[in-house]
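So you can see what is in the structure, the chains are spelled out below.
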Amino acid sequence: MASAALVMLMTPGLAFFYGGMVRSKSVLNMLMMNFICLAIVSVLWVLYGFGESFSSDAFGGLIGNFDHAGFAHTWGELAGYATAATDTSPAVAWPGSDALPVLAFAMFQLMFAIITPALISGSIADRAKFWGWGLFVVLWVTIVYFPVAHWVFSFDGFIGPDALGGWIANKLKAFDFAGGTAVHINAGAAGLALAIVLGKRKGWPKDTGRPHNVPFVLLGASLLWFGWYGFNAGSALSAGDLAGVAFTNTTVATAAAVLGWLLVEQLKFGKPTTLGAASGAVAGLVAITPACGFVTPLGSIAIGVIAGAVCALAVSLKYRFGFDDSLDVVGVHLVGGLAGTLLIGLFASSSVNSAGGDGLFYGGGWSQLGKQAIAAFAVMGYSFIVTLIIGFIIKAAGGFRVSTEDEVAGIDEAQHAESAYDFGQSVLGGHSGSTPGSVAASKDGAALEGSKA
């Protein structure tokens with residue numbers, strides 16, 4: 001539950017990270033696109049999301065059978081693993097020695113389900129209708145995230161002694177400790193699809209829109225880093241050595257990625273930037289997410305440096321290929337998720353996790369790299385294609401992109417009847433706390449012009 005609370009904080013942290021990067025007239029919309037995911041996905045998770053993701057398999061490792069829809073059979077129930085006898089320990093019957101309440105596990109996994117669609121929102125900043133986005137979240141988590149979570153996170157024999165899980169976790173046996181495929185590749189591919197569906201912002205790429213509040217960006221990145229310890233270390237599902245390894249690897253990989261990103265900036269532009277440091281940290285967090293429970297701290301440093309440098313270079317791909325990924329969801333989450341997932345095939349070490357294996361650099365050959373690639377590209381392809389279909393349906397119904405006039409004037413006012421900042425000052429008694437409406441209603445032209453300024 002402590003880890004779940006940490007992961008919950010990541011969504012408001014992401015809102016600030018993204019919110020600082022958009023224009024001042026779009027920041028509330030960006031915050032709301034993230035915040036609404038907490039509301040929508042939480043309700044769907046109880047109704048059917050947890051059952052779709054973690055109930056025993058219904059068909060070919062693709063989807064759960066909804067036995068836990070409505071959170072049926074959750075309170076008063078345990079989840080865990082039976083363990084076989086070894087030379088040093090006896091067999092332990094299901095649910096094993098590290099059993100945990102099903103509801104605690106369900107709440108932890110809910111937070112992953114919330115932040116994944118929130119990540120997508122950065123790809124369509126400045127131009128999406130709020131309720132169109134809300135409808136997209138409903139459809140996307142139902143058709144894409146919940147099934148993919150079953151593929152990756154649902155293991156045989158965990159939710160019940162005879163329960164069957166997803167195909168990536170149990171048949172392919174690709175490694176993903178905390179969501180490189182289900183969260184980051186999934187969201188990154190969906191972000192690319194939506195950027196194509198909604199098209200370019202007016203004036204892009206000549207007018208890219210400067211970040212309106214860089215301190216917000218660094219604050220958001222710091223909150224993400226803090227919450228990510230719950231994301232990664234919490235995925236050990238017990239406070240033991242493996243959680244300590246995941247915590248350590250999360251720290252050093254992220255630190256190395258900051259250095260990798262800033263080095264690229266220094267070489268390309270001659271100066272390291274605050275925005276680059278924040279983005280480098282997130283790139284490192286993304287890349288180490290699937291690997292944190294399978295690699296050594298030295299391997300984590302290597303993954304972090306590689307991810308920081310590669311993602312710093314990848315953010316320019318949108319200019320080369322002409323897709324307006326507003327806040328670099330593709331460059332950071334898709335590319336970073338692919339890097340971390342694939343590098344497991346090189347850096348994995350069974351000395352870290354006996355349930356894992358050895359990568360190429362530790363004598364394990366090429367087989368694990370092949371499994372990682374199949375998992376990564378299967379999730380990427382499924383997410384991209386289905387997101388395109390969902391996006392085009394909502395767009396065709398007229399419910400996704402705001403008008404050009406609203407985009408230029410300010411999406412916050414158009415969609416929420418609010419503005420984040422009141423730069424004007426009412427002349428009525430010199431009071432600076434008046435609402436935009438009261439200033440607009442004033443007949444004093446100077447006050448009105450001051451508000452516009």
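These numbers were taken from a predicted model, which means no experiment stands behind them.

A.B. asks: Would you mind showing me how to read unusual backbone geometry here?
C.D. replies: Excluding glycine, a negative phi dihedral is what most residues carry, and trans is how most peptide bonds are arranged. Cis geometry marks the peptide bond from Trp-94 to Pro-95; its omega dihedral reads 15°. On the secondary structure map, Pro-95 appears in the loop between strand E1 (78-79) and strand E2 (100-101). Trp-204 connects to Pro-205 through a cis peptide bond whose omega is 10°. At Lys-173, a position not held by glycine, the phi torsion is positive, near 60°. Considering the arrangement of structural elements, one finds Lys-173 in the loop between helix H5 (167-172) and helix H6 (180-198).

A.B. asks: Hey, could you run me through the nonpolar core in this one?
C.D. replies: A general tendency of soluble globular proteins is for nonpolar side chains to be buried together. Within the largest apolar cluster, 125 residues are counted, with the highest numbers of intra-cluster contacts made by Phe-17 and Trp-133. Excluding anything up to four places from it in sequence, Phe-17 contacts Phe-216, Val-217, Gly-220, Ala-221, Leu-224, Ala-278, Ser-279 and Val-282.

A.B. asks: Got a minute to help me understand the side chain of Glu-265 in this structure?
C.D. replies: By secondary structure assignment, the location of Glu-265 is in helix H8 (residues 241-269). One buried charged residue, Glu-265, forms no salt bridge at all, with the nearest opposite charge on Lys-268 at 9.1 Å. The contact partners of Glu-265, leaving out residues within four places of it in the chain, are Gly-270, Lys-271, Pro-272, Thr-273 and Gly-276.

A.B. asks: Honestly, the UniProt feature "domain: Ammonium transporter AmtB-like" (unreviewed entry) in the chain in this entry has me stumped. Any pointers?
C.D. replies: Mapped onto this numbering, the UniProt entry gives "domain: Ammonium transporter AmtB-like" (unreviewed entry) at residues 1-421. Structurally, residues 1-421 comprises 62% helix and 1% strand, and the distance from its first C-alpha atom to its last is 36 Å.

A.B. asks: Got a minute to help me understand helix H10 (residues 297-314) in this structure?
C.D. replies: In this model H10 runs 25 Å from its N-terminal to its C-terminal C-alpha over 18 residues, within 8% of the 26 Å that 1.5 Å per residue would give. Considered for burial, the residues of H10 that qualify are Gly-299, Ser-300, Ile-303, Gly-304, Ala-307, Gly-308, Cys-311, Ala-312 and Ala-314. Contacts made by the buried residues of H10 are with H8, helix H9 (274-288), helix H11 (317-321) and helix H12 (329-347).

A.B. asks: Can you help me understand the layout of surface pockets in this one?
C.D. replies: Any empty space left between the atoms is revealed when a probe the size of a water molecule rolls over them. Looking at the largest pocket, its volume works out to about 1,300 Å³. Lining the largest pocket are 40 residues; nearest its centre among them are Tyr-81, Ala-236, Leu-242, Asn-353 and Ala-355. Elements with a minimum of two residues in the lining of the largest pocket: helix H3 (102-120), H5, H8 and helix H13 (367-396). The leading source of residues in the lining of the largest pocket is H3, at four residues. The class makeup of the residues in the lining of the largest pocket is 22 nonpolar, twelve polar and six charged. Each pocket or cavity is described by its volume, and for the second largest pocket that value is around 850 Å³. The greatest single-element share of the lining of the second largest pocket, amounting to five residues, is contributed by H8. Its residues assigned to classes, the lining of the second largest pocket comprises 18 nonpolar, eight polar and nine charged.

A.B. asks: Can you help me understand the pattern of salt bridges in this one?
C.D. replies: If the charged atoms of two oppositely charged side chains come close together, the side chains can form a pair. This model, assessed by the stated rule, comprises six salt bridges. Here Asp-324 makes a salt bridge to Arg-127, at a shortest N to O gap of 3.9 Å. Highlighted residues: Asp-324 in the loop between H11 and H12 and Arg-127 in the loop between H3 and helix H4 (130-153), separated in sequence by 197 residues. Just as Asp-324 is buried, Arg-127 falls in that class too. The partner of Lys-318 in a salt bridge is Asp-328, and the shortest N-O contact between them spans 2.9 Å. Highlighted residues: Lys-318 in helix H11 and Asp-328 in the loop between H11 and H12, separated in sequence by ten residues. Several salt bridges converge on common partners, so that one network encompasses Asp-126, Arg-127, Arg-201 and Asp-324.

Calculation rules
- Residues numbered from 1 in each chain as written.
- Predicted model: local features only at pLDDT ≥ 70, side-chain atom pairs only at ≥ 80, totals over all residues.
- Heavy atoms only, no water.
- Helix = DSSP H or I, 4+ residues; strand = E, 2+ residues; numbered from the N terminus.
- Core = buried A, V, L, I, M, F, W, Y, C linked by side-chain atoms within 4.5 Å.
- Buried < 20%, exposed > 50% of the residue type's maximum accessible area, 1.4 Å probe, protein only.
- Contact = heavy atoms within 4.5 Å.
- Lys, Arg positive; Asp, Glu negative; His and termini not counted.
- Salt bridge = Lys/Arg side-chain N within 4 Å of Asp/Glu carboxyl O.
- UniProt positions renumbered as here; feature names shortened; annotations may be inferred.
- Expected span 1.5 Å × (residues − 1).
- 1 Å grid on protein atoms, 1.4 Å probe; cavity = no way out; pocket = protein on both sides within 12 Å on 5 of 7 lines; lining within 4 Å.
- Points joined across faces, edges and corners; volume = space filled by probe spheres on them.
- Nonpolar A, V, L, I, M, F, W, Y, C, P; charged D, E, K, R; others polar.

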